[in-house]
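Topology and contacts: notes
Next come the chains, spelled out residue by residue.
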Number of protein chains: 2
Amino acid sequence: MLKEACKVEHPGDEEIKILLAQEREKLAANQMKIKEANLPVMVMFEGWGASGKGSIIGKVIQNIDPRFFDVATMDAEPSEEEKRKPFLWRYFKEIPKAGKFKLMDTCWMEEVTDGILEGNLDEETYRKRINSINTAERSLTDNGYLVMKFFLHISKKEQKKRLEKLEENESTAWRVNPDDKWENKHYDKCLDVYEKYIEDTNRPSAPWYIIDAKDRKFAELSVLQLLNLGIDTALKNNSLAVPILQNSFPMRKTIKLGDISLDDKKISDEEYKVKLKVLQTRLRELHNEIYNAKIPVIIAYEGWDAAGKGGNIKRITQALDPRGYIVHPIASPEPAEKARHYLWRFWNRLPKTGHIAIFDRTWYGRVMVERLEGFCSENDWQRAYNEMNEFEKELTDWGAVVIKFWVQIDNKTQLERFTDRQNTPEKQWKITDEDWRNREKWDLYEQAINEMIAKTNTTFAPWYVLESVDKKYARIKALEIVIEELEKALKEKKSK
Amino acid sequence: MLKEACKVEHPGDEEIKILLAQEREKLAANQMKIKEANLPVMVMFEGWGASGKGSIIGKVIQNIDPRFFDVATMDAEPSEEEKRKPFLWRYFKEIPKAGKFKLMDTCWMEEVTDGILEGNLDEETYRKRINSINTAERSLTDNGYLVMKFFLHISKKEQKKRLEKLEENESTAWRVNPDDKWENKHYDKCLDVYEKYIEDTNRPSAPWYIIDAKDRKFAELSVLQLLNLGIDTALKNNSLAVPILQNSFPMRKTIKLGDISLDDKKISDEEYKVKLKVLQTRLRELHNEIYNAKIPVIIAYEGWDAAGKGGNIKRITQALDPRGYIVHPIASPEPAEKARHYLWRFWNRLPKTGHIAIFDRTWYGRVMVERLEGFCSENDWQRAYNEMNEFEKELTDWGAVVIKFWVQIDNKTQLERFTDRQNTPEKQWKITDEDWRNREKWDLYEQAINEMIAKTNTTFAPWYVLESVDKKYARIKALEIVIEELEKALKEKKSK
């Protein structure tokens, strides 16, 4: 593709000038349309060293009001902190808000192709990265993003000429980095790696556009034309339904809420005290081991209102070193979160390696409250099961332990607790009209939760039910499961 | 994917029964919705021998009115006639009409995987086939088709059991074909080939669905559920705008109609007679050679009304053996053609190897009359340049010579010819009100034609302008170009 794409005849200089003026004007107009349509536009610029990525970005943004775009300049190499997050993390953080542009001065391509060229990315990891990237790009476009990928192409000769020219002049010599010179020396090898990457990630929904970057004016024109064309097309689809992919992850046995017996799940105060102490002591030790082994841990809590999530989480965190964990209470999304891919706020809250993140409510809101309250379309929540499995697979592939708890009570118990909250002044803050409204939809929720568990109870990120009519029972069970999962992860890590 | 996809827990028999009844009813309802929405649905069934493809198809169609579906049973091996057409041809012929189902009992997958397993498809041809298939599936979905791909999966053990059971009974033994036994014996090798094919062709717009086909009822349920889900999703998009891909084919120098001088392109009657005879004699010889070398030839004529296409074509065909060529006059599409992908009627009219097909007007109607009269959406015609280049690339990769003529006259000459036709009783049939209406849009057409030539003047299927103010000049030029192209193709073929 790289080798073929640039054999296009250029218009003459005069014509380029006229066309450029047209496209610039059009982009300015499109910026307003994007805002109105709430379309998020993510534009990735990749290409050869000295191909002019920065200068093209500079020209593109001259046509856009600064309130409506952001430029992210990514280093080829992640920082020390970024290395403690999943590969996609530092890029996914950058996705634009609805109605805005994000221009990426290199994105996930460069890190991968550099990895290959430097020989520190084996074939298996390469395949994994390609899969992560295709999945992420698809998930963005499925969720209404316009993703445009430009590769700025120049010949070996042209690159050499540019590098020499930069070096000649003292004031520009610093801009030539050793990697660019290496790239020029090994041009053909690099070309093959870039070509393969482009082929491996060229998908109809987020296709590659190769830009002949030899003539800077023509390159600018090509980028603007394609950008405007891409925006025009995206604006025609106001609410797109995309095919629901097969949710083909290995699954554990389904759990139906109706089949869970609750009243027999009890523990005496005496036994609770003893066990709690033993288990918390063990968890404290494990937290250290996890920290040393650099294993990231994600514990996700979902459950009925008043099921006892808060108290349960507390019994976990009591055993943890505060420097190594964080609890994320998840309420309805902030405007900045609502304006992005629904998983963005969870990507942003991922722990570093060795740390524990506990989510009090989670991304599963998509298929519970968002589904039932109509906050997203049917296509959105139907797609979400697979998207969330993909998200958790990304996390476990990164090395994370992912534990998902469903805190279960019955309808009657919820009513008792609600009534108790209502009648006890110091508990009244815990109960709202919304809780009562949700309660009326119990059956619909139960149906949605059963579907959720059936479709996301993967072997790598399983659901555990915590029977919480007796809250003490649920706390002990949670501690036991967390301990078991951490021990398993440590053992696996050591055996490698 | 194959290996993972079937690890899903099955509902109990009773539940399957209830769910099946629901899905059957839903499919019956969906059939009516498909008809109303004019959605074409192409369903491909692939899978292991004895996995039950035929029986599943039989069950699916029980829910659909026979007026609304067709089943196509494809042989793994193309017939002798089919071998003289491009690889995609026998499948593309089968695409359904808008509003109808087509169920394919194996499609292009089987031919490719068999080719690999039998060792007569080398890596390069495999890559070419994968590319053709991905392009075709994308072009179908881009043009509003719902394409669903099911792979019926069973284990080696299960397949063996089924084959043995079929063989036991004399009345069913004939159904076991030697290929199925070979497949069972080399199960793991086949699994790898299928897995790779599925991975190579799993695209978000036409994704694979793997069906656990061990339990027949569950398999039927899975297919019906996914089919209904796919239809629901497709029905939500009434008119979809899809990203315009980069038209990254190698291009020849652009031609602008305004730059072509016409009045100097003349030939005397004397010279015309002599040259015509010589060239037609040569073309006659070449037609034989082409036939023997099995080279298919496609000559596409476009041009202004009254430019002289008919007479030009006649001078070509005068030199050809009538058993080896056909002229396809292309008018507005028949209802059966209009109801399908716009390239379908051209696929159907492709010549066999060794034959010549001449198109009097062509697929380029998409970006001329269909564009200007609003017969297709803007997204449709913008996408079409790339789609037509892909189509012609498919043809030249198959070995065809593709020659495209633009027969050019100026506005004044057209007026003279129109007036002459109007005033000459025996020519009046040649001129219609529509011709006059089109004439009023000359400038818009000229702009569209310039864009068309710029975007489709590929090195492998170039445009040639025939200056036809002097029709004799244009005829001689056409003959010379056809001869030159055929000589070139013969030389290339011999050098291989």
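Our subject in this report is the structure included herewith.

What counts and what doesn't
- Counting from 1, residues in each chain are numbered in the order their sequence is written.
- The naming scheme follows written order: chains are lettered A onward, ligands numbered 1 onward.
- Under the rules for a predicted model, residues below a pLDDT of 70 receive no local features and side-chain atom pairs below 80 are neither given nor counted, while totals for whole chains, interfaces and linings still include all residues.
- Processing note: side-chain calculations cover all non-hydrogen atoms of the structure and skip hydrogens and water entirely.
- Helix and strand labels come from DSSP, where a helix needs a run of H or I of at least four residues and a strand needs a run of E of at least two; each type is numbered from the N terminus.
- When a residue's accessible area, from a 1.4 Å probe over protein chains only, is under 20% of the maximum for its type it is buried; when over 50% it is exposed; and in between it is partly exposed.
- Contacts between residues were defined by any pair of non-hydrogen atoms, one from each residue, lying within 4.5 Å.
- Using a 1.4 Å probe, accessible areas were evaluated by the Shrake-Rupley method; residue-level cover was limited to the displayed protein chains.
- Counting rule applied: Lys, Arg positive; Asp, Glu negative; His and chain ends not counted.
- The atom standing in for a charge is NZ when the residue is Lys, CZ when it is Arg, CG when it is Asp and CD when it is Glu.
- Simply put, the buried area is the total loss of 1.4 Å probe accessible area from both parts when two parts are fitted together.
- Salt bridge criterion: a side-chain nitrogen from Lys or Arg within 4 Å of a carboxyl oxygen from Asp or Glu.
- A pair of strands is treated as paired once DSSP finds two or more bridges between them.
- The directions considered for the arc are those from the helix axis to the C-beta atoms.
- In superposing the copies, a least-squares fit is computed on C-alpha atoms, taking residues whose pLDDT is at least 70 in both.
- In this analysis an axis means a line fitted to C-alpha atoms, helices contributing only their contacting stretch, and an angle means the value between N-to-C directions, from 0 to 180 degrees.

The subject of this paragraph is the overall build of chain A. Scanning chain A from terminus to terminus reveals 21 helices and 10 strands. Referenced to the eigenvectors of the C-alpha coordinate spread, the extents of chain A come out at roughly 85 × 50 × 40 Å. Taking all 496 residues of chain A together, 57% fall into the buried category. For chain A, long-range pairs separated by at least 24 residues make up 83% of all intrachain contacts whose partners lie at least 6 apart in sequence. Roughly 22500 Å² of accessible area belongs to chain A as shown, and the carbon and sulfur atoms make up 49% of that amount. Here chain A holds 83 positive side-chain charges and 85 negative ones, and the gap between their average locations is 3 Å.

With that settled, the discussion passes to the interface of chain B and chain A. Accessible area lost upon the coming together of the parts serves often as the stated size of an interface. Taken together, the 36 residues of chain B in the interface contact 36 residues of chain A. Carbon and sulfur atoms supply 52% of the area that chain B and chain A bury against each other, a total of about 3300 Å² over both sides. Among the residues of chain B in contact with chain A, Glu9(B), Pro204(B) and Gln246(B) are the three that bury the most area, contributing 18% of the side total. Where chain B touches chain A, the interface holds 4 salt bridges.

All names here are of chain A. The final tally for this structure, using the stated rule, is 87 salt bridges over all chains. Across the pair Glu289 and Lys494 runs a salt bridge, and its minimum N-O distance is 3.8 Å. Of this pair, Glu289 sits in helix H12 (residues 269-293) while Lys494 is found in helix H21 (residues 471-495), placing the two residues 205 residues apart along the sequence. The exposed category is assigned to Lys494, whose relative accessible area is 63%. The residue Arg361 makes a salt bridge to Asp305 at a minimum N-O spacing of 3.0 Å. Here Arg361, found in the loop between strand E8 (356-360) and helix H16 (369-372), pairs with Asp305, found in the loop between strand E6 (297-303) and helix H13 (309-317); they are 56 residues apart in sequence, far enough to count as distant. A residue is classified by how much of its surface remains accessible, and Arg361, at 24% relative accessible area, is partly exposed. Within this structure, Arg282, Glu285, Glu289, Glu487 and Lys494 form a network of salt bridges that share partners.

With that out of the way, let us pick up unusual backbone geometry. Not every positive phi belongs to a glycine, and Lys294(A) is a case in point at roughly 60°. Looking at the secondary structure, you find Lys294(A) in the loop between H12 and E6.

This paragraph deals with the pairing of strand E3 (residues 101-105) of chain A. Residues and elements named next belong to chain A. When you tally the buried positions in E3, you get 5 out of 5 residues, the bulk of the element. With burial as the criterion, each face of E3 is covered, one bearing Phe101, Leu103 and Asp105 and the other bearing Lys102 and Met104. Both strand E1 (residues 41-47) and E3 contribute to a ladder of 5 bridges, which runs parallel. Bridged to Met44 within E3 is Met104. Here strand E2 (residues 69-73) pairs with E3 via 5 bridges, running parallel.

Take helix H20 (residues 433-440) of chain B next. Residue and element names in this part refer to chain B. Buried within H20 are the following residues: Asp435, Asn438 and Arg439. Along the axis of H20, the buried residues cluster in a sector spanning 105°; they form a single face. Facing away from the buried surface of H20 by more than 90 degrees, the exposed residues are Asp433, Arg437 and Glu440.

Mapping chain B onto chain A calls for a rotation angle of 180° and an axial translation of 0.0 Å; the resulting RMSD is 0.0 Å. What the superposition gives is, in effect, a two-fold axis relating one chain to the other. Residue by residue, 100% of the interface of chain B is reproduced at the interface of chain A, so both copies engage with the same surface.

Residues and elements named next belong to chain A. Here 5 strands make up an open sheet; going across it, the order is E2-E3-E1-E4-E5 and the pairing parallel. The open sheet has two edge strands with one neighbour each: E2 and strand E5 (208-212). Averaged over all neighbouring strand pairs, the angle between strand axes comes to 20°, with direction disregarded. Lying over the sheet, helix H11 (residues 216-236) contacts E1, E3, strand E4 (146-153) and E5, oriented at roughly 165° with respect to E4.

Limitation: the analysis is restricted to geometry and does not speak to function.
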